[in-house]
Amino acid sequence: MYDYDLLVVGSANADLVIGVERRPAAGETVLGSDLAVHPGGKGANQAVAAARLGARTALLARVGDDAHGRLLLDAQHRAGVDDVGILVGGAPTGIALITVDPSGDNSIVVSPGANGRLAPEDVRAAIGLLRASRVVSAQLEIPLETVVELVRNLPSGARFVLNPSPPRPLPAEVLAACDPLIVNEHEARVIAGGDQGSSPEDWARALLALGPRSVVLTLGAEGALVATGDAMTRVTSVKVHAVDTTGAGDAFTAALAWRLGTGSSLSDAAAYAARVGAVAVTRPGAQESFPTAEEVVAL
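Reading guide: rules and limits
Residues numbered from 1 in each chain as written. Predicted model: local features only at pLDDT ≥ 70, side-chain atom pairs only at ≥ 80, totals over all residues. Heavy atoms only, no water. Helix = DSSP H or I, 4+ residues; strand = E, 2+ residues; numbered from the N terminus. Expected span 1.5 Å × (residues − 1). Buried < 20%, exposed > 50% of the residue type's maximum accessible area, 1.4 Å probe, protein only. Pairing = 2+ DSSP bridges. Axes fitted to C-alpha atoms, helices over the stretch in contact; angles between N-to-C directions. Parallel < 35°, antiparallel > 145°, perpendicular 65-115°, else oblique. Left-handed = near helix turned anticlockwise from the far one by under 90°. Contact = heavy atoms within 4.5 Å.

(A) Layout of helix H1 (residues 42–53). The terminal C-alpha atoms of H1, which comprises 12 residues, lie 17 Å apart, in line with the 16 Å expected from a rise of 1.5 Å per residue. Turning to H1, its buried residues are Lys42, Gly43, Ala44, Asn45, Gln46, Ala47, Val48, Ala49, Ala50, Ala51 and Leu53. Gly54 lies just past H1 and shows a positive phi near 110°.

Have a look at this one:
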């Protein structure tokens, strides 16, 4: 019996968000809205998204001993995430500077702060947490060597889900553990490298050749492509009016990872995750936009 449906290992940031009519060109200044501060970070976002859906969730992350760190801890508590793995101190809390345009598209710059101090020894110290978790999810806003250590310490039977954002080339042992590797088209290009063709299927085949057990390629308004060694399946999106896409990919990843742990097939989990992401983009912010299971059913 597992204590947790999902353990998220990753970043926790304070999101500093400004709405803009358009993003500035090089050397240009534009005026924006009042600054809004929200709890964020890919790891913290995924943990909150899963907990909102009803998953028993824990987060392994590091925040600073500061006001932004307390903001993040409070947000995890409110969502029902177990904070036993959240470490405090070592550096200021990570910051994400986010601009959002009227279409809902965003641009993000991250200062890692304490996220950069989440170290391999922190993973080894949390081995009991790993053994208590059915599915483990990670991203790349923490050091790559920490993700490598995570893979090396995965308990037998645990499923590993990786969203490699921000993207970078990945070691073979990390790729081999992914089931699935979840990427958008930009991330796919960075990880696969070179010109791999023009269609999502071409990119999925190139990624599978690198060793992951399965791949999910997210396609925005076009849905997603689910790829295994046996088949490729398109998952359609739900048409909604997008207000803010911040955190939508994290909601998708969390929902998919949780549903895999409940026994859903990869295609069914991706279809559910697409509906979760669709609800999230209709609301501003990251964690504030994540739906409950009842809201997903209503959609």
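So much for the structure itself; the text now carries on.
(B) Structural context of the sheet that holds strand S6 (residues 94–100). The sheet built from four strands is open, its strands ordered S3-S2-S6-S7 with mixed pairing. Two strands bound the open sheet, and with one partner strand each, they are strand S3 (36–40) and strand S7 (106–111). Going across the sheet, the axis of each strand differs from the next one's by a mean of 25°, ignoring polarity. By the bridge criterion, six bridges tie S6 to S7 in an arrangement that is antiparallel. Bridge assignment links Ile98 to a residue of S7, and that residue is Ile108.

(C) A look at the sheet that holds strand S9 (residues 159–163). One open sheet holds the nine strands; their spatial order is S5-S4-S1-S8-S9-S10-S11-S12-S13, and the pairing between them is mixed. Here the strands that pair on one side only, and so sit at the sheet edges, are strand S5 (86–88) and strand S13 (232–235). Direction aside, the axes of adjacent strands within the sheet are offset by 20° on average. Here strand S11 (residues 214–218) pairs with strand S12 (residues 224–228) via five bridges, running antiparallel. Within the sheet, the bridge partner assigned to Val216 lies in S12 and is Val226.

(D) Region of the structure containing the environment of Pro284. Mapped onto the elements, Pro284 comes out in the loop between helix H10 (266–280) and helix H11 (293–298). With 37 residues separating them in the primary sequence, Pro284 and Gly247 have C-alpha atoms 9.6 Å apart.

(E) Examining the packing of H1 against helix H2 (residues 67–79) more closely. Running from N to C, H1 and H2 point in directions that differ by 20°, and their axes come no closer than 9 Å. By the angle between their axes, H1 is roughly parallel relative to H2. Note on packing geometry: the crossing formed by H1 with H2 is left-handed. The residues of H2 that touch H1, namely those facing Ala44, Ala47, Val48 and Ala51, are Ala75, Gln76 and Ala79.

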